[in-house]
Amino acid sequence: SVTKAMVSTLAMQEVDRGRWSLDTRVGDVLPGLLPGHDDVTLEQLLSHRSGLPDYIFAITGDGTDLDEFIAALYPDRTDRELVRAALTQDWLFEPGSDFAYSNTNYVVVGMMLEKVNRTRMSSLLERRVFAPAGMRSSRFPTTGRTFTSRDHLTDYAIFERPYNLDRASSSMFSSAGAVVSTAPDIASFHRAPLAGRLASKAPLAQMLDAVACGFPSPA
């Protein structure tokens, strides 16, 4: 999910340019994508306060059959398929009224970014995040095998036994988690915004400002 910070950076670059604000609605960019909820805002998506259910659970089920769970990670899927899967479930709460982590939020942000830029997410990340941050071993695969470089270890899921995820499709995670990278590249990415290479001071301050989500104060 380090991908989410990179997609947030792209979104805040749009805010920086004056094309969007945090109050920009999904319906302003992709009308009808979320029927009855066109008023969900960019800020609610980025902070997981939209109430959108997570498509992961609709696709993988309850996870009790591990072979079926792993098999669900293999097919290539489009972003619209992921959102449609999410919307087979009930909304979690009224947008802005609560907090719930949902990968669907960032898939929607990615779709919005691709729409306004008329460019695929892989190109947006390459030009506006990877290159300026000096991330030389990072990519955003959208179809086929996720791990193809000797710089990257094959992924495994450990349940009763190890499950090799070498052939899993990163399209399952899209703008919520499809970036494949290395530890040095991730370190470079996190240094870059603070050095002013990815966003100006105003959007950076907004990204760093914690949003109150109704959690109880520590005892």
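Residues numbered from 1 in each chain as written. Predicted model: local features only at pLDDT ≥ 70, side-chain atom pairs only at ≥ 80, totals over all residues. Heavy atoms only, no water.

Let's talk about the packing of helix H1 (residues 2-16) against helix H7 (residues 103-117)
Here is the rule we go by: Helix axes use the C-alpha atoms of the stretch in contact, all axes being lines fitted to C-alpha atoms, and the angles between their N-to-C directions lie in the range 0 to 180 degrees. Helix and strand assignments follow DSSP, with helices taken as H or I runs no shorter than four residues and strands as E runs no shorter than two, numbered in order from the N terminus. Note on terminology: angles under 35 degrees are roughly parallel, angles over 145 are roughly antiparallel, angles of 65 to 115 are roughly perpendicular, and the others are oblique. Handedness of each helix crossing follows the sense of rotation of the near helix against the far helix: counterclockwise by less than a right angle gives left-handed, clockwise gives right-handed. Contacts are assigned to residue pairs that have any heavy atoms within 4.5 Å of one another.
Axis separation between H1 and H7 bottoms out at 10 Å; the angle between their running directions is 40°. What the angle tells us is that H1 and H7 run oblique. At the point where H1 passes H7, the crossing takes the left-handed sense. Side by side, H1 and H7 meet where Lys4, Val7, Ser8, Leu10, Ala11 and Glu14 of the first sit next to Asn103, Tyr106, Val109, Gly110, Leu113, Val116 and Asn117 of the second.

A word on the confidence of the model for the chain
Basically, it comes down to this: The predictor's confidence in any single residue is recorded as pLDDT, a number from 0 to 100.
With 88% of its residues at a pLDDT of 70 or more, the chain shows a mean pLDDT of 88. Here residues 213-219 is a poorly scored stretch, pLDDT under 50, and it has four contacts once near neighbours within four places are set aside; other chains count.

Structural notes on helix H10 (residues 183-194)
This is how the line gets drawn: Burial classification: accessible surface area is computed with a 1.4 Å probe over protein chains only, and a residue below 20% of its type maximum counts as buried, one above 50% as exposed, and the rest as partly exposed. Picture the helix axis, draw a direction to every C-beta atom, and the arc is the one those directions span.
Three or more residues of H10 are buried, namely Asp185, Ile186, Ser188, Phe189, Ala192 and Pro193. Axial view of H10: buried residues confined to an arc of 155°, hence all on one face. Turned more than 90 degrees away from the buried face of H10 sit Ala183, Pro184, Arg191 and Leu194, all of them exposed. The positive-phi residue at the C-terminal boundary of H10 is Gly196, with phi of around 80°.

With respect to the side chain of Thr9
Topologically, Thr9 is positioned in helix H1. Those residues in contact with Thr9 that lie beyond four places of it in its chain are Phe189, Leu198 and Met207.

Considerations on a positive patch on the surface
Formally: Every patch collects residues that have over 30% relative accessible area and no salt bridge, joining them within 9 Å if they carry like charges and within 5 Å if they are nonpolar side chains (Val, Leu, Ile, Met, Phe, Trp, Tyr). Only the protein chains shown count as covering a residue, and every accessible area follows the Shrake-Rupley method with a 1.4 Å probe. Salt bridge criterion: a side-chain nitrogen from Lys or Arg within 4 Å of a carboxyl oxygen from Asp or Glu. Only four residue types enter the tally: Lys and Arg on the positive side, Asp and Glu on the negative side; His and the chain ends are excluded. In plain terms, the charge of a residue is placed at NZ if it is Lys, CZ if Arg, CG if Asp and CD if Glu.
Residues Arg80, Arg84, Lys115 and Arg118 make up a contiguous surface patch of positive charge. Classification of Arg80 as partly exposed rests on a relative accessible area of 44%.

Some remarks on the nonpolar core
Cut-off, in case you're wondering: Take the buried Ala, Val, Leu, Ile, Met, Phe, Trp, Tyr and Cys residues and link them wherever side-chain atoms come within 4.5 Å; each set so joined is a nonpolar core.
If you look at the biggest cluster of nonpolar residues, it comprises 55 residues, and the most contacted ones within it are Met6, Tyr55 and Leu125. For this core, the element with the highest residue contribution is H7, accounting for seven residues. Dropping the residues within four chain positions of it, Tyr55 is found in contact with Leu82, Ala85, Ala86, Gln89, Asn103, Thr104, Val107, Met172, Phe173 and Ala176.

What to know about the packing of aromatic side chains
As a reminder of what qualifies: The rule is short: rings of Phe, Tyr and Trp, with Trp giving its six-membered ring, pair when the centres are within 6.5 Å, and they are stacked under 30 degrees, edge-to-face over 60, tilted in between. Placement of a charge over a ring requires the Lys NZ or Arg CZ to be within 6 Å of the ring centre, with the centre-to-atom vector within 35 degrees of the ring normal.
Going through the model one piece at a time under the given rule, you end up with zero aromatic pairs. The ring of Tyr163 has Arg161 sitting right over it, with the charged end atom 4.0 Å from the ring centre.

Here's the deal with the pattern of salt bridges
What the rule picks out here adds up to six salt bridges. Across the salt bridge formed by Glu14 and Arg19, the nearest N and O atoms sit 2.8 Å from each other. In this structure, Arg161 and Asp67 form a salt bridge, with 3.4 Å as the shortest nitrogen-oxygen distance. Residue Arg161 is found in the loop between strand E1 (156-158) and strand E2 (162-164), and its partner Asp67 is found in helix H5 (residues 66-71); the two are separated by 94 residues along the sequence. Arg161 gets classed as partly exposed once you look at its relative accessible area, which sits at 43%. Overall, the relative accessible area of 48% leaves Asp67 in the partly exposed class. Among the ionic contacts, a cluster of salt bridges with common partners joins Glu14, Arg19 and Arg128.

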